[in-house]
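Below are the chains, spelled out letter by letter.
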Amino acid sequence: MILSSQKPRVLRNASFLKNGRHCSWQQQPLGTTKPRYLEQLENYLRQELLLLDLGTDSAQELRLQPYREIFEFFIEDFKTYKPLLSSIKNAYEVMLAHQREKIRALEPLKAKLVTVNEDCNERILAMRAEERYEISMLKKEKMNLLKLIDKKNEEKISLQSEVTKLRKNLAEEYLHYLSERDARKILIADLNELRYQREDMSLAQYPGIWGEDPVKLTVALKMARQDLTRMQMELNTMKANFGDVVPRRDFEMQEKTNKDLQEQLDSLKDDYEEVRKEHEMLLQLHMSTLRERDQFYAELQEIQRTSTPRPDWSKCEDVVAGGQDRWHVLAEGKNSDQLVDVLLEEIGEGLLREKDFFPGLGYGESIPAFLQFDGIVENKKPTKKDVVNILKDAWKERIAEEQKEKFSDFFFNFLERRFGPSDAMAWAYTIFEYIKLFHSNEVMSQFYAVLMGKRKESVYIKQKETIAQLLKEMTHADSQNEGLLTMEQLSTVLRSTFPFKKDEKIQELMEAGGWHPSSSNADLVNYRLLFMEDEEGQSVPFLQKLWEQYLNEKDEYLYELKQELGLELHDKVTLPKLHEALMTIDPSLDKQTLNGYLSQAFQFPVTELPEEGEEKEEGTVIQLQTALEQLQMSDVRRMGPREQEPAT
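Residues numbered from 1 in each chain as written. Predicted model: local features only at pLDDT ≥ 70, side-chain atom pairs only at ≥ 80, totals over all residues. Heavy atoms only, no water.

1. With respect to the overall build of the protein chain
The test is simple: A run of H or I in DSSP counts as a helix once it spans at least four residues, and a run of E counts as a strand once it spans at least two, with each numbered from the N terminus. Only heavy atoms enter the contact rule, under which two residues are in contact if any of them lie within 4.5 Å. Here the Shrake-Rupley method, with its probe set to 1.4 Å, supplies the accessible areas, and only the displayed protein chains count as covering residues.
Counting its secondary structure elements, the protein chain contains 20 helices and 6 strands. Contacts spanning at least 24 positions in sequence make up 65% of the contacts within the protein chain whose residues lie at least 6 apart. Roughly 44,100 Å² of accessible area belongs to the protein chain as shown, and the carbon and sulfur atoms make up 55% of that amount.

Put into structure tokens, the structure is as follows:
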């Protein structure tokens, strides 16, 4: 509502009454009825508020308008306080305008926050659905395992009942045979007694049958009976001693049956124990899954709380020189961290080209020798191609001179020979700024690492020798000299050149060379293209993958060495212990290579290494972290498998 230039009628009357001589509200004492002017103001305010449409978005702002008008009336009527009241009103108006601007600025952020919140909620719901599915699958598997355990228990109980039944049958058979044995003994005794009686009767009736003297016969009979009695006693003794012995055939049969049942029982016990262990493992896995879920959920909450929106890299298309096409070439296959490096390089390159001079760094001890200079140094402003060509020429000359001086001194002497003493320092500063900036360029980054002492130059030289050897092997395999190899020939060359690489590493190299799982072994590849570089020194993906695998294999080798030592990074390691650990993880190390590793780790010449069985007085103890860092800078690689394979 817009302020009116004139007061409404009720307020004009109120103003008249206030200024008149007979103004009743000024003359009435306190604690009586309200002044008429105040009542008219309140009535006006109430009428204005009733006329407002409070259903719109700006209802609260419109609600302030009647109050603003009332305050204007006060300012107009109270002339004495008009300046103070006007300043108060203006201050509030300024503050309200400022708050409106802040609210208007926060509206887009509110919409963005709602979008991010919806996205996060969708991800949380998806994760919860996946977790519910995994939990349901684990529960089903748990129920299946419980059913299997119950089935095994039932089989065990049935087998135990069968064993009990067989034992009962065995006892019954034993009692039956025992009674049969006793009856047989009694029957034999009765038969013997009847036979003796029959013989006595025949002898008494016919004494002359035998033609012998009856007295002798009687004596013989008596002796025979004594022998019979003795034999009977021995027989009874044997029966008493071996009465519980069962026949061997029955014993062996029962023993075989018992053995079979015992084997079945042991097998069931083993199955039960295996199922029980699997069940415990599944329970542990379930608990671990729950802990991981809680941890991931907590991390998700933390990420939602602290994360920033993913950058829109397409905005860089308008900033980078070359436009959209060049940015797509630069950004292809790179993650966010690498894209930041690329963007910084592009920005840094532009800043370098704007500089005409570099400030000298002085002659401090921390300043490299080739940068020690006071004053202003000219920026030669070369292209990346020019810098790469200079570095390649420097490497060629360095390899040819067989490393007779420090690399930093050689670099400055090379610049003096190439550009003259007057421009050598300017080129040193220019090249140093370029190689320090362009981390993504292989030639520059490797040269910078060697120049600053972060990597030994033998690493670069050995890598170049490996590449040259690989190209030589491929050329030798190309019998037609056409520059083409089949995928099978490429795989054979890679396996012969790198015998210690695993199959997946060989496959990665082949994929980087253009092989696909759907390709045939008869497909041809131009192997010479695998060793090409562009004008700025960037190699093809095949050589990049080869370098990446070398760095990863070195990290794995040093990690295996640390695990074999069993020490923490801050612990001390002795030379004999490091010697033993290296020979354990890499038994194929020859003495020269081993001494080179030890010399690099402990930082003294190979000639000063102690012989086997000797102990060096000083320098044989070093912190493990320092030793590993020194080895990381050097050309360290595996010479053979960890365990020697038996000869066939």
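2. Details of the confidence of the model for the protein chain
Test applied: pLDDT: the predictor's confidence for each residue, scored from 0 to 100.
This prediction gives the protein chain a mean pLDDT of 80; 83% of its residues lie at or above 70. In the model, residues 615–619 has pLDDT below 50 throughout and makes 7 contacts with residues more than four positions away in sequence or in other chains.

3. Considerations on helix α16 (residues 503–512)
The following threshold applies: Note on classification: 1.4 Å probe, protein chains only; a residue is buried when its accessible area is under 20% of the maximum for its type, exposed when over 50%, partly exposed between these limits. Here, the arc refers to the directions that run from the helix axis to the C-beta atoms.
Of the residues making up α16, those classed as buried are Lys505, Ile506, Leu509 and Met510. Down the axis of α16, the smallest arc covering the buried residues is 140°, so these residues share one side. Turning to α16, the residues buried within the fold contact α15 (487–497) and α17 (541–565). The first or second residue beyond α16 is Gly514, which carries a positive phi of 115°.

4. Quick notes on the packing of aromatic side chains
Just so we agree on the cut-off: For this analysis, a ring pair means two rings from Phe, Tyr or Trp (six-membered ring only for Trp) whose centres lie within 6.5 Å, classed as stacked if their planes differ by under 30 degrees, edge-to-face if by over 60, and tilted for the remaining angles. Sitting over a ring, as applied to charges here, requires NZ of Lys or CZ of Arg to be within 6 Å of the ring centre and within 35 degrees of the ring normal.
Summed over the entire model, instances satisfying the criterion amount to 15 aromatic pairs. Taking 5.3 Å as the distance between ring centres and 40° as the angle between the ring planes, the aromatic pair formed by Trp395 and Phe407 counts as tilted. Residue Trp395 is found in helix α10 (residues 384–400), and its partner Phe407 is found in helix α11 (residues 407–419); the two are separated by 12 residues along the sequence. Like Phe407, Trp395 is buried. Taking 3.9 Å as the distance between ring centres and 20° as the angle between the ring planes, the aromatic pair formed by Trp395 and Tyr460 counts as stacked. Of this pair, Trp395 sits in helix α10 while Tyr460 is found in helix α14 (residues 457–477), placing the two residues 65 residues apart along the sequence. Like Tyr460, Trp395 is buried. In this structure an aromatic cluster arises from ring pairing among Phe370, Trp395, Phe407, Phe410, Phe411, Phe414, Phe432, Phe447, Tyr448 and Tyr460. Geometry around Phe498 places Lys501 over its ring, the cationic atom sitting 5.2 Å from the centre.

5. Side note on the nonpolar core
When a protein is soluble and globular, its nonpolar side chains tend to lie buried together. Our working rule: Here, the term nonpolar core denotes a set of buried Ala, Val, Leu, Ile, Met, Phe, Trp, Tyr and Cys residues that are joined through side-chain atoms within 4.5 Å.
Among the nonpolar cores identified, the biggest contains 37 residues, and Phe370, Leu391, Leu415, Ile431, Ile435, Phe447 and Leu451 are the most heavily contacted of them. For this core, the secondary structure elements donating two or more residues are α10, α11, α12 (421–437) and α13 (442–451). If you tally residues by element for this core, the top one is α12, at 11 residues. Among the nonpolar cores identified, the runner-up in size contains 25 residues, and Leu567, Leu594, Leu598 and Leu628 belong to it.

6. Side note on the packing of α17 against helix α18 (residues 575–585)
Rule in force here: Axis angles are defined between N-to-C directions and span 0 to 180 degrees, where every axis is a line fitted to C-alpha atoms and, for a helix, only to the segment in contact. Angular relationships are summarised with four words: roughly parallel below 35 degrees, roughly antiparallel beyond 145, roughly perpendicular across 65 to 115, and oblique for the angles in between. Working rule for handedness: look at the near helix, and if it is turned counterclockwise from the far one by less than a right angle, call the crossing left-handed; if clockwise, right-handed. In this classification, the charged set is Asp, Glu, Lys and Arg, the nonpolar set is Ala, Val, Leu, Ile, Met, Phe, Trp, Tyr, Cys and Pro, and all remaining amino acids, among them Gly, are polar.
With their axes 9 Å apart at the nearest point, α17 and α18 run at an angle of 120° to one another. When the axes of α17 and α18 are compared, the pair comes out oblique. For the pair α17 and α18, the sense of crossing is right-handed. Contacts between α17 and α18 pair Tyr557, Glu560, Leu561, Glu564 and Leu565 from the former with Lys577, Leu578, Ala581, Leu582, Thr584 and Ile585 from the latter. In terms of residue class, the contact of α17 with α18 is made up of 7 nonpolar, 1 polar and 3 charged.

7. Quick look at the packing of α16 against α17
Closest axis-to-axis distance for the α16/α17 pair is 8 Å, and the angle between their directions is 155°. Our classification of the angle between α16 and α17 gives roughly antiparallel. The hand of the α16/α17 crossing is right-handed. Facing Lys505, Glu508, Leu509 and Ala512 of α16, the residues of α17 in contact are Pro541, Phe542, Lys545, Leu546 and Gln549.

8. A few points about a negative patch on the surface
Using the following cut-off: The patches described consist of residues with a relative accessible area above 30% and no salt bridge, like charges being joined within 9 Å and nonpolar side chains (Val, Leu, Ile, Met, Phe, Trp, Tyr) within 5 Å. Any carboxyl oxygen of Asp or Glu that lies within 4 Å of a side-chain nitrogen of Lys or Arg is treated as forming a salt bridge with it. When charges are counted, neither His nor the chain ends are considered; positive counts come from Lys and Arg and negative counts from Asp and Glu. The atoms used to mark charge sites are NZ of Lys, CZ of Arg, CG of Asp and CD of Glu.
There is a patch of like negative charges on the surface, built from Glu141, Asp260, Glu263, Asp266, Asp270, Glu274 and Glu278. Top contributing element to the negative patch by residue count: helix α7 (residues 248–306), with 6 residues. Mapped onto the elements, Glu263 comes out in helix α7. Residue classification places Glu263 among the partly exposed positions, given a relative accessible area of 44%.

9. Some remarks on the pattern of salt bridges
Taken as a whole and judged by the stated rule, the model has 25 salt bridges. As a salt-bridge pair, Glu76 and Lys79 come within 3.8 Å of each other at their nearest N and O atoms. The partner of Arg637 in a salt bridge is Asp635, and the shortest N-O contact between them spans 2.9 Å. On the accessibility criterion, Asp635 (17% relative accessible area) is buried. Among the charged side chains, a salt-bridge network with shared partners connects Glu76, Lys79 and Lys82.

10. Some words on a nonpolar patch on the surface
Residues Leu84, Ile88 and Tyr92 make up a contiguous nonpolar surface patch of about 330 Å² in total accessible area. For Leu84, the position within the fold is in helix α5 (residues 82–205).

11. A look at unusual backbone geometry
What you tend to see is this: most non-glycine residues have negative phi, and most peptide bonds are trans. At Lys381, a residue that is not glycine, the phi angle is positive and equals roughly 50°. Counting through the fold element by element, Lys381 comes out in the loop between β2 (376–378) and α10. In the Ramachandran plot, Asn481 falls in the positive-phi region, its phi being about 55° despite a non-glycine side chain. Here Asn481 lies in the loop between α14 and β3 (484–486).

12. Some points on the environment of Asn236
Looking at the element boundaries, Asn236 is found in helix α6 (residues 214–241). Residue classification places Asn236 among the partly exposed residues on the basis of a relative accessible area of 39%.

13. Re the side chain of Lys501
Note the cut-off: Polar contact criterion, stated in full: a pair of N or O atoms within 3.5 Å, where within protein one must be able to donate a hydrogen and the other to accept it, and residues adjacent in sequence count only if both atoms are side-chain atoms.
On the secondary structure map, Lys501 appears in the loop between α15 and α16. Here Lys501 falls in the buried class, since its relative accessible area comes to 13%. Among the polar contacts listed, one links the side chain of Lys501 to the side chain of Gln549, at a separation of 3.0 Å. The contact partners of Lys501, leaving out residues within four places of it in the chain, are Ile506, Leu509, Leu546, Gln549 and Glu553.

14. Points about the environment of Asp341
Of note, Asp341 is situated in helix α9 (residues 336–354). Residue classification places Asp341 among the partly exposed residues on the basis of a relative accessible area of 28%. Spatially, the C-alpha atom of Asp341 lies 8.3 Å from that of Phe438, the residues being 97 residues apart in sequence.

15. Remarks on the environment of Glu101
Note on placement: Glu101 falls in helix α5. For Glu101, the side chain forms a polar contact with the side chain of Arg104, separated by 2.8 Å.

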